[in-house]
Amino acid sequence: MPSPVDIRRATDRGLTTTDWLQSRHSFSFGDHYDPDNTHHGLLLVNNDDIVAPAAGFDTHPHRDMEIVTWVLEGELAHEDSMGNSGVIYPGLAQRMSAGTGVQHSEKNGSGQDPVHFVQMWVLPDTAGVTPGYQQQEITLANTLTPIASGAHDAAVTLGNRNATLHGARLQPGDAVELPQAPFVHLFVARGEVTLEDTGALTAGDAARLTASGGQQVIAATAAEILVWEMHASLGGS
C-alpha cells in the first residue's frame with residue numbers, strides 16, 4: 001500500500017531547459033520517464049513552466065485530455081486550429097478539452113517579462129468530444145476555492161466527474177484544511193507552508209496523499225497552493 005503522505009521536493013522533479021524554457025515536471029513527461037512516477041490519482045501532468053519573453057511552444061497537437069492552465073506571473077498567449085486565440089493572465093482560469101484533437105500554440109505574451117505558469121492534465125470521462133475551451137476570472141483567498149471541477153461549481157468545468165482543482169492564496173498564519181478524498185495532490189506554487197504532521201513545504205514541493213485528508217496547511221509566508229481532490233485513480237492505483 002502507498003504511504004498516506006508522499007513528499008516530493010522541488011529539486012527532485014524532472015527538468016527540461018532550453019534557451020527560452022525552464023520546465024519542471026512533477027510526473028513523467030517527455031524525455032523524463034519513470035515507470036514508478038506516471039501519475040497520482042487522476043493527475044498525469046503537473047508542469048511548472050517559466051518561458052522567456054517573446055518565446056514559447058510552437059503549434060503542437062493534443063487529444064483526449066483535460067488541460068488546466070494557471071498563470072502565476074506574466075501573460076500566456078494561445079492560438080489553436082479552431083481559430084481561438086487569447087491571453088491567460090493571473091486570476092484567469094482556463095480549461096482546454098482536447099477531445100478529438102486540436103493543434104495549438106502557447107507563447108509568452110510579453111516581449112519584456114517572463115511568464116510563469118502551472119499546467120495540469122487529467123484524462124476525460126468521455127473520449128472523442130468536440131474540442132473546446134472555457135475560461136473565467138476567479139479571485140483566490142485564504143480558503144480553498146474550486147478552480148476547475150467535474151463535480152462541483154467552479155470557475156471552469158472539467159470533463160472528469162471525479163476531479164476538482166482547488167486554489168488558495170494565504171498570508172502568514174492562514175490555514176486551510178485539505179479535502180478528504182482517496183487521492184489528494186498538494187502543490188506549493190509559491191511561498192512556504194507547513195503541512196500538519198509532515199513539516200515544511202516550499203515553492204515547487206508537493207505532497208501526494210492517499211486515503212487521507214483533513215490535515216491543515218498553514219502558511220509560513222505569503223503563499224499560493226494548488227490542491228487536486230480526486231475520487232478515482234488511473235488503473236485503480
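For the structure, check the block above.
Quantities reported herein were computed from a predicted structural model and do not represent experimental measurements.

K.L.:
Teacher, can you tell me more about the overall build of the protein here?
P.N.:
Helices and strands together make up the secondary structure of the protein, namely 0 helices and 22 strands. Taking 237 residues into account, the globule formula puts the C-alpha radius of gyration at 18 Å, and the protein, at 17 Å, falls close to it. If you take every contact in the protein between residues at least 6 apart in sequence, the share linking residues at least 24 apart comes to 72%. Accessible surface, the protein as shown: approximately 10,200 Å² in total, 48% of it carbon and sulfur. Charged side chains in the protein number 11 positive and 28 negative. The centres of these two groups are separated by 3 Å.

K.L.:
Explanation requested: the pairing of strand 8 (residues 85–88) in the structure shown.
P.N.:
Each regular strand shows side chains that alternate between the opposite faces of the sheet. Bridge count between strand 7 (residues 76–80) and strand 8: 4 bridges; the pairing is antiparallel. The partner of His-78 across the bridge, within strand 8, is Gly-86.

K.L.:
Help me understand unusual backbone geometry, please; the structure alone is not making it clear to me.
P.N.:
Glycine aside, residues mostly have negative phi angles, and peptide bonds mostly take the trans form. One non-glycine residue, Ala-54, lies in the positive phi region at around 55°. Mapped onto the elements of the fold, Ala-54 is located in the loop between strand 4 (43–51) and strand 5 (56–62). A positive phi angle, close to 70°, is found at Asp-197, a residue other than glycine. Tracing the backbone through its elements, the reader meets Asp-197 in the loop between strand 18 (192–195) and strand 19 (199–202).

K.L.:
Looking at this structure, how should I read the side chain of His-166?
P.N.:
Along the chain, His-166 falls in strand 15 (residues 163–170). Separated by 2.9 Å, the side chains of His-166 and Glu-229 make a polar contact.

K.L.:
For this particular structure, what's the right way to read the nonpolar core?
P.N.:
Considering soluble globular proteins, one finds that nonpolar side chains tend to be buried as a cluster. Counting residues in hydrophobic clusters, the biggest one holds 35 residues, and the most contacted among them are Trp-70, Met-120, Ile-147, Leu-165, Leu-226 and Trp-228. Where this core is concerned, the elements lending two or more residues are strand 4, strand 6 (66–73), strand 9 (92–97), strand 11 (115–122), strand 13 (145–149), strand 15, strand 17 (181–190) and strand 22 (223–230). If we ignore the near neighbours within four places in the chain, the residues touching Trp-70 are Gly-91, Leu-92, Ala-93, Phe-117, Val-118, Met-120, Ile-138, Leu-140, Ile-147, Arg-169, Glu-224 and Leu-226. In terms of nonpolar packing, the next biggest core, distinct from the first, is built from 19 residues, Leu-144, Val-184, Leu-201 and Ala-223 among them.

K.L.:
Even after reading the chapter, I still don't get the layout of surface pockets, so can you show me in this structure?
P.N.:
The gaps left among the atoms become clear once a water-sized probe is rolled over them. Looking at the second largest pocket, its volume works out to about 260 Å³. Lining the second largest pocket we find 19 residues, and of these Ser-23, Phe-29, Asn-47, Asp-49 and Phe-57 sit closest to its centre. Contributions of two or more residues to the lining of the second largest pocket are made by strand 3 (21–25), strand 4, strand 5, strand 10 (102–108) and strand 11.

K.L.:
Teacher, can you tell me more about the side chain of Ser-28 here?
P.N.:
With respect to the helices and strands, Ser-28 occurs in the loop between strand 3 and strand 4. Under the relative-accessibility criterion, Ser-28 is labelled buried at 15%. Of the polar contacts made by the side chain of Ser-28, one reaches the backbone nitrogen of Asp-34; its length is 2.7 Å. Ser-28 has contacts with Tyr-33, Asp-34, Asn-37, Thr-38 and Leu-44, leaving out every residue within four places of it along the chain.

K.L.:
Explain the sheet that holds strand 10 here, please?
P.N.:
Two strands in a sheet stick together by hydrogen bonds in their backbones, pointing the same way (parallel) or opposite ways (antiparallel). Taken in spatial order, the 4 strands of this open sheet run 5-10-7-8, and their pairing is antiparallel. Looking along the sheet, the strands with just one partner apiece sit at the ends: strand 5 and strand 8. The sheet shows a mean angle of 20° between the axes of neighbouring strands, direction not considered.

K.L.:
Would you explain the sheet that holds strand 11 in this entry?
P.N.:
Strand order in the open sheet made by the 7 strands is 2-3-4-11-6-9-12, with antiparallel pairing throughout. Two strands lie at the open edges of the sheet, namely strand 2 (14–17) and strand 12 (132–137), each paired on one side alone. For this sheet, the mean angle separating the axes of adjacent strands, direction not counted, is 20°. Here 8 bridges tie strand 4 to strand 11, and the two strands are oriented antiparallel to one another. Looking at strand 11, one finds that Val-45 is bridged to Trp-121.

Parameters and conventions
Residues numbered from 1 in each chain as written. Predicted model: local features only at pLDDT ≥ 70, side-chain atom pairs only at ≥ 80, totals over all residues. Heavy atoms only, no water. Helix = DSSP H or I, 4+ residues; strand = E, 2+ residues; numbered from the N terminus. Rg over C-alpha atoms; globule rule 2.2 N^0.38 Å. Contact = heavy atoms within 4.5 Å. Areas by Shrake-Rupley, 256 points an atom, 1.4 Å probe, with all protein chains shown as cover. Lys, Arg positive; Asp, Glu negative; His and termini not counted. Charge placed at Lys NZ, Arg CZ, Asp CG, Glu CD. Pairing = 2+ DSSP bridges. Polar contact = N/O pair within 3.5 Å; in protein donor to acceptor, adjacent residues only side chain to side chain. Core = buried A, V, L, I, M, F, W, Y, C linked by side-chain atoms within 4.5 Å. Buried < 20%, exposed > 50% of the residue type's maximum accessible area, 1.4 Å probe, protein only. 1 Å grid on protein atoms, 1.4 Å probe; cavity = no way out; pocket = protein on both sides within 12 Å on 5 of 7 lines; lining within 4 Å. Points joined across faces, edges and corners; volume = space filled by probe spheres on them. Axes fitted to C-alpha atoms, helices over the stretch in contact; angles between N-to-C directions.

These results come straight from atomic positions and should not be treated as a statement about function.
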